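# Observations on chain architecture
Spelled out, the chains give:
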Amino acid sequence: MGFPKGFLWGTSISAEQAEGGWDEGGKSPVMLDFAVAAPTHKDMRRIYYINKDGERESNFTVPIIIDTLPEGARYQLFDDLHYTNHKATDFYHHYKEDIALLAEMGHTTFNTSIAWSRIFPYGVQGGVNQEGVEFYRDVFTECRKHGIDPVITLYKYDEPIWFEETYGGWTNRAMIDEFVEFARACFTEYKDLVNKWLTFNEINVLMVMASMASPETKKKYYLMLHNQMIAAARSTKIAHDMNAGLQVGAMICGLCSYPFTPDPKDVLGNYRQFQKNFGYAADTMIFGEYPSFAEYFRKEDGVDLVISEEDKKDLREGAADFLAFSYYMSSTFTTHEDEGEEGKGNVFGGKINPYLEYSDWGWAKDPIGFKYFLHLLNDRYRVPLFDVENGLGAEDKLEEDGSIHDPYRIEYLRDHIAAMKEAVEEGVNIFGYTTWGGIDLVAASTGEISKRYGMIYVDADDKGNGTYDRYRKDSFYWYQKVCQSNGEIL
């Protein structure tokens, strides 16, 4: 009973949210390099730019929400603004120290992303940036030196701005070939260091965006998602042809929700929401073809998507080997808009669930939902699972003696790991678990460093002040016992 031998324990970060070094080592800029932190944790971060009339404007900055700037606009930095992603938490200069700390914590895996803008800063025609290639070789070599088996993500919403300026973003099929060559280069360069890959991070969020978009913009999101899934499938096939031992997974945002009432309309609506926001992408990438309900949703949204026979062949031949996903919270669905209080959370909120507690950022804490979701995915997909993101964002205080007491994070993680252990004992096939943000980083939705997820504290604030020294939180020592005992000591 318990977790199987060889179960992978670790943590996840991303290049854009942790690395910094935004203009170093030959890297080209990405959209979030022009984003600032939100004024409060209740707001969304924004991107500032010059509009077609030469005036300063801003918009929400989550890249999947605005794939491109308004027509005629251009990116520009402003001296009176602070851009948290420029330095982030400086993994670019601290990676050896950070990886040593992860090893001390007992990690056997580590998930991060490769910044596309470090490898092909100006697309394939601009050539490979060897300095970027060597940086990641050093990172992965350092992992191996410490006995860490890395699981690496290729894309986390951070393509070079050059692609937007050249192709107009992911609605252009030219992006497929660009991504495939990026993937091929990574598979080739790191074939002796990385054997497990993820293609696109939380690729299904595009469907959530489509649900909230205007009729014309819906078509854009469907097309972006289609092009990304074709790029993922082609890349997966290349990996398999290159080395049958390479494992390539799909990574899906874990949108777990319940009917808010027992009204059959809520029950059916909740399931339809799961089909659309999760299954549309996950079913396609795992089973190698669009699910039976895909055409229904396209017709409902007025989308006429051209899917060629070559596309179908690509999807079929490039099905993912395993299903990776994030899970932070659950939400609710209802057709009764006049009932309950509106909630917030990861991607969408729904009504507040009266049976759950909520974080300071309005995210529900639901470990039982995690167990339910594990069973749901295990039963539906019948491929190995990998939980790649699970964690709690909170404000932490660095004490004068260098300690950080975060019992709220320990409680959150303990409850979720205990639920995962029960699911494993009940037959769920999951091979690894990585907490989100084991090292403090820039929060994607708010741009804050002060919304901390890590078990390693980075002395930096939302304005870039601080020493950037690393400190072990109480959760560091707790998770160390979890990792070293293979989940037996919680």
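Details of the structure are given in the entry above.
In this text, all values refer to a predicted model and were calculated from it rather than measured experimentally.

### A look at the overall build of the chain
Helices and strands together make up the secondary structure of the chain, namely 16 helices and 18 strands. Structurally, the chain occupies a C-alpha span of about 60 × 55 × 50 Å along its principal axes. Out of the 490 residues in the chain, the part that is buried amounts to 61%. Sequence-distant contacts in the chain: of pairs separated by 6 or more residues, those separated by 24 or more amount to 74%. Of the roughly 18900 Å² that the chain leaves accessible, carbon and sulfur atoms contribute 50%. Averaging the positions of the 49 positive and the 78 negative side-chain charges in the chain gives two centres separated by 3 Å.

### Concerning the side chain of threonine 109
Structurally, threonine 109 can be placed in strand β6 (residues 109-113). Note on threonine 109: relative accessible area 0%, which makes it buried. Side-chain polar atoms of threonine 109 contact the backbone oxygen of aspartate 149, separated by 2.6 Å. Threonine 109 has contacts with Leu8, Trp9, Gly10, Thr11, Ile148, Asp149, Pro150, Val151 and Thr434, leaving out every residue within four places of it along the chain.

### Remarks on the packing of helix α11 (residues 264-287) against helix α14 (residues 367-381)
For the pair α11 and α14, the least separation of the axes is 12 Å and the interaxial angle reads 50°. Here α11 is positioned oblique relative to α14, judged by the angle of their axes. The chirality of how α11 crosses α14 is right-handed. Contacts between α11 and α14 involve Tyr271, Phe274, Phe278, Gly279, Ala282, Asp283, Ile286 and Phe287 on the former and, on the latter, Phe373, Leu376, Leu377, Arg380 and Tyr381. Of the residues belonging to the contact of α11 with α14, the class tally is 10 nonpolar, 1 polar and 2 charged.

### Describing the environment of asparagine 270
Note on placement: asparagine 270 falls in helix α11. In this structure the C-alpha to C-alpha distance between asparagine 270 and isoleucine 47, which are 223 residues apart in sequence, comes to 33 Å. Apart from residues no more than four positions distant in its own chain, asparagine 270 is found in contact with Ser257, Tyr258, Pro259 and Phe333.

### Comments concerning the pairing of strand β16 (residues 430-436)
Most of β16 sits inside the fold, with 6 of its 7 residues counted as buried. Here 3 bridges tie strand β15 (residues 385-389) to β16, and the two strands are oriented parallel to one another. The residue bridging leucine 385 from the neighbouring strand is isoleucine 430, located in β16. Each parallel crossover has a hand, and the one from β15 via helix α15 (residues 407-425) to β16 is right-handed.

### Re the state of the cysteines
For the coordinates displayed, the defined rule picks out 0 disulfides. Between cysteine 143, a cysteine without a disulfide, and cysteine 483, which holds the nearest cysteine sulfur, the sulfur-to-sulfur distance is 14 Å. For cysteine 143, a relative accessible area of 0% puts it in the buried group. Residue cysteine 253 stays outside any disulfide, its sulfur separated by 11 Å from that of cysteine 256, the closest cysteine.

### A look at the packing of helix α8 (residues 174-189) against helix α10 (residues 215-242)
Their axes nearest at 9 Å, the elements α8 and α10 cross at an angle of 30°. With respect to each other, α8 and α10 are oriented roughly parallel. In this structure, the crossing between α8 and α10 has a hand that is right-handed. Side by side, α8 and α10 meet where Ile176, Asp177, Phe179, Val180, Ala183, Arg184, Phe187 and Thr188 of the first sit next to Asn227, Ile230, Ala231, Arg234, Ser235, Ile238, Ala239 and Met242 of the second. Tallied by class, the residues present in the contact of α8 with α10 amount to 10 nonpolar, 3 polar and 3 charged.

### Remarks on the pattern of salt bridges
Per the counting criterion, the structure on display carries 33 salt bridges. Of the charged contacts, one joins glutamate 189 and arginine 137 as a salt bridge, the two residues approaching to 2.7 Å between their closest N and O atoms. Separated by 52 residues along the polypeptide, glutamate 189 in helix α8 and arginine 137 in helix α6 (residues 130-145) bring together distant segments of the chain. The exposure class of glutamate 189 is partly exposed, given its relative accessible area of 30%. Given a relative accessible area of 21%, arginine 137 falls into the partly exposed group. As a salt-bridge pair, arginine 234 and aspartate 177 come within 3.4 Å of each other at their nearest N and O atoms. Of this pair, arginine 234 sits in helix α10 while aspartate 177 sits in helix α8; the two residues are 57 residues apart in sequence, bridging distant segments of the chain. You can call aspartate 177 partly exposed: its relative accessible area is 48%. Salt bridges here are not isolated pairs; linked through shared partners, they connect Asp396, Asp406, Arg409, Asp440, Arg452 and Lys473.

### Quick notes on the pairing of β15
Burial of β15 is extensive: 5 of the 5 residues sit out of reach of the surface. Strand direction decides the pairing type here: strand β11 (residues 322-326) and β15, joined by 4 bridges, are parallel. By the bridge assignment for β15, phenylalanine 325 is matched with aspartate 387.

### Focus on the environment of threonine 84
Checked against the element boundaries, threonine 84 lands in helix α2 (residues 84-87). Distance in space between the C-alpha atoms of threonine 84 and aspartate 33 is 8.1 Å, their sequence separation being 51 residues. Excluding residues within four positions of it along the chain, threonine 84 makes contact with Ala35, Ala37, Arg45, Val442, Gly447 and Asp462. In this structure the side chain of threonine 84 is engaged in a polar contact, spanning 3.0 Å, whose partner is the backbone oxygen of glycine 447.

### Here's the deal with helix α16 (residues 474-484)
Within α16 the residues assigned to the buried category are Ser475, Phe476, Trp478, Tyr479, Gln480, Val482 and Cys483. Among the residues trailing α16, asparagine 486 stands out with phi positive, at a value near 55°.

### A short note on the sheet that holds β6
Taking strand neighbours around the barrel as the criterion, the 8 strands line up as β1-β6-β7-β8-β9-β11-β15-β16 in a closed arrangement whose pairing is parallel. Each strand axis lies, on average, 25° off the axis of its neighbour in the sheet, ignoring direction. Relative to strand β7 (residues 149-155), α6 is tilted by about 155°, and along the sheet it contacts β6 and β7. Its contacts with the sheet put α11 on β8 (196-200), β9 (247-253) and β11, and the angle it makes with β9 is roughly 175°.

Cut-offs and rules
Residues numbered from 1 in each chain as written. Predicted model: local features only at pLDDT ≥ 70, side-chain atom pairs only at ≥ 80, totals over all residues. Heavy atoms only, no water. Helix = DSSP H or I, 4+ residues; strand = E, 2+ residues; numbered from the N terminus. Buried < 20%, exposed > 50% of the residue type's maximum accessible area, 1.4 Å probe, protein only. Contact = heavy atoms within 4.5 Å. Areas by Shrake-Rupley, 256 points an atom, 1.4 Å probe, with all protein chains shown as cover. Lys, Arg positive; Asp, Glu negative; His and termini not counted. Charge placed at Lys NZ, Arg CZ, Asp CG, Glu CD. Polar contact = N/O pair within 3.5 Å; in protein donor to acceptor, adjacent residues only side chain to side chain. Axes fitted to C-alpha atoms, helices over the stretch in contact; angles between N-to-C directions. Parallel < 35°, antiparallel > 145°, perpendicular 65-115°, else oblique. Left-handed = near helix turned anticlockwise from the far one by under 90°. Nonpolar A, V, L, I, M, F, W, Y, C, P; charged D, E, K, R; others polar. Pairing = 2+ DSSP bridges. Right-handed = clockwise from strand over helix to strand, strands pointing away. Disulfide = S-S within 2.5 Å. Salt bridge = Lys/Arg side-chain N within 4 Å of Asp/Glu carboxyl O.

It is worth stressing that arrangement in space is one thing and function is another; only the former is reported here.
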